[in-house]
Amino acid sequence: MYLLAIDMGNTTLGIGVINQGQVIHVDHIPTAREENLSFFISQLEQILAPYLQESPFCGGILSSVVPELNDTVLTAMEQVIQQDAHLVTLADILQVLPIQIEEPSSVGKDRLMDCIGAMAQIPTPLIVIDMGTATTVNMVNKKGEFVGGMIIPGVKTAVTALSAKASQLPEIALEAPKHLLGQNTVECMQSGAIYGHACMIEGIYNRLQQEAEGTLHVIATGGYGELIVPQCLTPIPYDPHLQLKGLASIYQRLNVRDNECR
């Protein structure tokens, strides 16, 4: 049986089909705040059609940072898969990942899903580096507790801001340049963005390693991770589906529907 896992962010919904803990399909649709229930039902029906024909879904699970769409998306999930869908709460997360910071409710659920997904794959202590609109660094200590992190302008966000603020610097395509030292303005900006971000990640990892109890493990995720990680001198594994895997892990740990999705 399949599990439908959805991570709803401010820009897109990451839609995953999970089978026995493995992400077998991922798709994305816009977080269209202006759309109604029928839009989300139609989108899910198109994406899930092949899987609905093969096997029933055991349930659904949703993580969201867009509360105004929660009820709409939950209803769409339930109507399409004909099963209950569960909205992840902070209380759910705390059963899996204790949070040892001043304001646990202030941490984005996407960051916590990253950590839970990572804990299913690598030992603690660990850090997850998620490279999207922002680059976040999130740390879990040896006891399996979330102990804080960093929020940094993402590589694309930084380059866009630079172009907007400096009239002589153009908008550029984000790709690794041919030379470490750029031979023209575009290459210089690309090198600064790509290699600069790679060096920043390595530097943060090395500093956190000094504070960690034992070997600090690391994993990267996020849309820009695929571009940045290969430029790092330190080997860093990359998994684009950590958040969805975190959702699947929570679903199983909470015994939703008696773990029929195992």
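What counts as what
- Residues numbered from 1 in each chain as written.
- Predicted model: local features only at pLDDT ≥ 70, side-chain atom pairs only at ≥ 80, totals over all residues.
- Heavy atoms only, no water.
- Phe/Tyr/Trp six-rings, centres within 6.5 Å; stacked < 30°, edge-to-face > 60°.
- Helix = DSSP H or I, 4+ residues; strand = E, 2+ residues; numbered from the N terminus.
- Buried < 20%, exposed > 50% of the residue type's maximum accessible area, 1.4 Å probe, protein only.
- Polar contact = N/O pair within 3.5 Å; in protein donor to acceptor, adjacent residues only side chain to side chain.
- Contact = heavy atoms within 4.5 Å.
- Core = buried A, V, L, I, M, F, W, Y, C linked by side-chain atoms within 4.5 Å.

**A word on the packing of aromatic side chains**
Item 1. Applying the stated criterion across every chain yields a total of three aromatic pairs.
Item 2. Note on Tyr-2 and Phe-57: the rings are 5.6 Å apart at their centroids and 55° apart in plane angle, and the pair reads as tilted. Placement of the pair is Tyr-2 in strand β1 (residues 2-8) and Phe-57 in strand β4 (residues 57-64), with a sequence separation of 55 residues.
Item 3. Judged by centre distance (5.0 Å) and plane angle (85°), the rings of Phe-39 and Phe-40 are edge-to-face. Comparing Phe-39 with Phe-40 shows no difference in burial state: the two are buried.
Item 4. By the ring-pair criterion, three or more aromatic residues cluster together here, those being Tyr-2, Tyr-51 and Phe-57.

**Concerning the environment of Tyr-2**
Item 1. Under the relative-accessibility criterion, Tyr-2 is labelled buried at 9%.
Item 2. Once the C-alpha coordinates of Tyr-2 and Pro-170 are considered, the two residues, 168 residues apart in sequence, prove to be 46 Å apart.

**Brief notes about the side chain of Asp-239**
Item 1. Assignment of secondary structure puts Asp-239 in the loop between α7 (225-228) and α8 (242-253).
Item 2. By relative accessible area, which is 6% here, Asp-239 ends up buried.
Item 3. Within the structure, the side chain of Asp-239 is placed 2.7 Å from the side chain of Lys-245, a separation counted as a polar contact.
Item 4. If sequence neighbours within four positions are ignored, Asp-239 has contacts with Gln-121, Ile-219, Ala-220, Thr-221 and Lys-245.

**Focus on the nonpolar core**
Item 1. Among the nonpolar cores identified, the biggest contains 30 residues, and Ile-61, Ile-93, Leu-97 and Ile-250 are the most heavily contacted of them.
Item 2. Put simply, the parts of the chain that give this core at least two residues each are β1, β4, α3 (90-96), α4 (109-119), β6 (126-131) and α8.
Item 3. For this core, the element with the highest residue contribution is α8, accounting for six residues.
Item 4. Among the nonpolar cores identified, the runner-up in size contains 27 residues, and Met-8, Leu-13, Phe-39 and Ile-47 belong to it.

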